[in-house]
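Residues per chain are reported as follows:
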Amino acid sequence: MSEQKNISFDITIYDSIDELAQDDQSLMLEAVAVRKNAYAPYSKFRVGAAVKMANSEIVIGSNQENACYPSGLCAERVAIFHAGAKFPGISVKTIAITAASDNYEVSVPAAPCGNCRQAIFEYEFKQKQPIRLLLMAEKGSVIECRAIEDILPLGFNSTFLA
Ligand code: THU
C-alpha cells in the first residue's frame with residue numbers, strides 16, 4: 001500500500017517594493033541599508049536581513065565571511081540569532097532579505113539557504129506562529145512567503161528528540 005500526497009504552497013509576487021504595505025516597505029529598506037555592512041570579500045555577494053519582532057523592534061544582520069569559508073555566516077542566521085539574543089521570548093513576525101553582488105546585477109530574489117531555513121524554522125516551531133518572508137534582489141520584484149515551514153517541507157524539529 002502506498003499513498004500519494006502533494007505538498008504545495010502559495011507565494012505572492014509584488015512588482016516592486018512600492019506595492020508592499022508601509023511596515024513591510026520600511027523593513028525591506030532596513031535590509032537594503034544593512035546590505036552594505038556585509039563582510040563579503042570572497043564572494044562579493046552581499047545579503048542584508050531585517051527581522052520584525054512582535055514588539056515592533058527591528059533586528060538586522062548581514063553575511064559575514066571568513067578566510068576559512070565554512071566559518072562565515074549568512075545574513076539570515078546573523079539576524080535571527082541576533083534577534084534571539086536581544087529579545088529572547090519575543091516572537092518573530094517577518095524577515096526581509098535582499099541580495100546584491102559587487103560583480104553583477106542580481107535580478108532574482110535569493111531565498112534562504114537550507115541551513116538558514118532550518119535555523120529560522122527552529123524559532124517558528126518554538127513560537128507556534130508563522131515567520132513571514134519577504135525576498136528581494138537588489139531591487140525589483142518582491143516575493144512574499146507565508147511561513148518558513150512552506151519552504152522547508154518535512155522539516156526536522158524538536159519533537160523527534162523527545
Ligand atoms: N548568503 C547569505 O547570506 N544568504 C543567503 O541566503 C545565501 C548566501 C551569503 C553566504 C556567503 O557569504 C555569500 O552569500 C555567498 O554564498
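It should be emphasised that the depicted structure is a prediction, and the values quoted were computed from it without experimental measurement.

K.L.:
Just checking my understanding: could you explain the state of the cysteines for this structure?
P.N.:
For the structure shown, the criterion picks out zero disulfides. The cysteine Cys74 is free of any disulfide, with Cys116 supplying the nearest cysteine sulfur at 3.8 Å. Since its relative accessible area comes to 26%, Cys74 is described here as partly exposed.

K.L.:
Got a minute to help me understand the layout of surface pockets in this structure?
P.N.:
In this approach a probe as big as a water molecule rolls over the atoms, and the regions it shows empty are the leftover space. Quantified by volume, the largest pocket comes out at close to 260 Å³. Phe45, Asn63, Glu65, Leu73 and Cys74 are, among the 20 residues lining the largest pocket, the residues nearest its centre. Mapped by element, the contributors of at least two residues to the lining of the largest pocket are β2 (45-53), α2 (75-86) and β4 (92-101). Of the residues that constitute the lining of the largest pocket, the class distribution is 13 nonpolar, five polar and two charged.

K.L.:
Is there a simple way to think about the pattern of salt bridges in this case?
P.N.:
Pairing is possible between side chains that carry opposite charge, provided their charged atoms lie close to one another. Across all of its chains, the model carries seven salt bridges by this definition. Between Asp24 and Arg132 there is a salt bridge, and its shortest N-O distance comes to 2.7 Å. Here Asp24 is found in helix α1 (residues 22-35), whereas its partner Arg132 is found in strand β5 (residues 132-136), with 108 residues between them in sequence. Note on Arg132: relative accessible area 21%, which makes it partly exposed. Taking the shortest distance from any N to any O, the salt bridge between Arg146 and Asp150 comes out at 2.9 Å. Overlapping salt bridges bring together Asp24, Arg132 and Glu144 as one network.

K.L.:
Quick question: what am I supposed to make of the site of the ligand here?
P.N.:
Neighbouring residues of the ligand: Ser43, Phe45, Val47, Asn63, Glu65, Cys74, Ala75, Glu76, Ala111, Pro112 and Cys113. Here an oxygen atom of the ligand sits 3.0 Å away from a polar atom, N or O, in the side chain of Asn63. In this structure, the ligand is accommodated by the largest pocket. Among the elements of the structure, β2 and α2 are those that each provide at least two residues to the shell around the ligand. Here the shell around the ligand is built from residues that sort into seven nonpolar, two polar and two charged.

What counts and what doesn't
- Residues numbered from 1 in each chain as written.
- Predicted model: local features only at pLDDT ≥ 70, side-chain atom pairs only at ≥ 80, totals over all residues.
- Heavy atoms only, no water.
- Disulfide = S-S within 2.5 Å.
- Buried < 20%, exposed > 50% of the residue type's maximum accessible area, 1.4 Å probe, protein only.
- 1 Å grid on protein atoms, 1.4 Å probe; cavity = no way out; pocket = protein on both sides within 12 Å on 5 of 7 lines; lining within 4 Å.
- Points joined across faces, edges and corners; volume = space filled by probe spheres on them.
- Helix = DSSP H or I, 4+ residues; strand = E, 2+ residues; numbered from the N terminus.
- Nonpolar A, V, L, I, M, F, W, Y, C, P; charged D, E, K, R; others polar.
- Salt bridge = Lys/Arg side-chain N within 4 Å of Asp/Glu carboxyl O.
- Near = heavy atom within 4 Å.
- Polar contact = N/O pair within 3.5 Å; in protein donor to acceptor, adjacent residues only side chain to side chain.
- Sits in = over half its atoms within 2 Å of the grid points.

In short, the description is geometric, and any link to function would need to be established separately.
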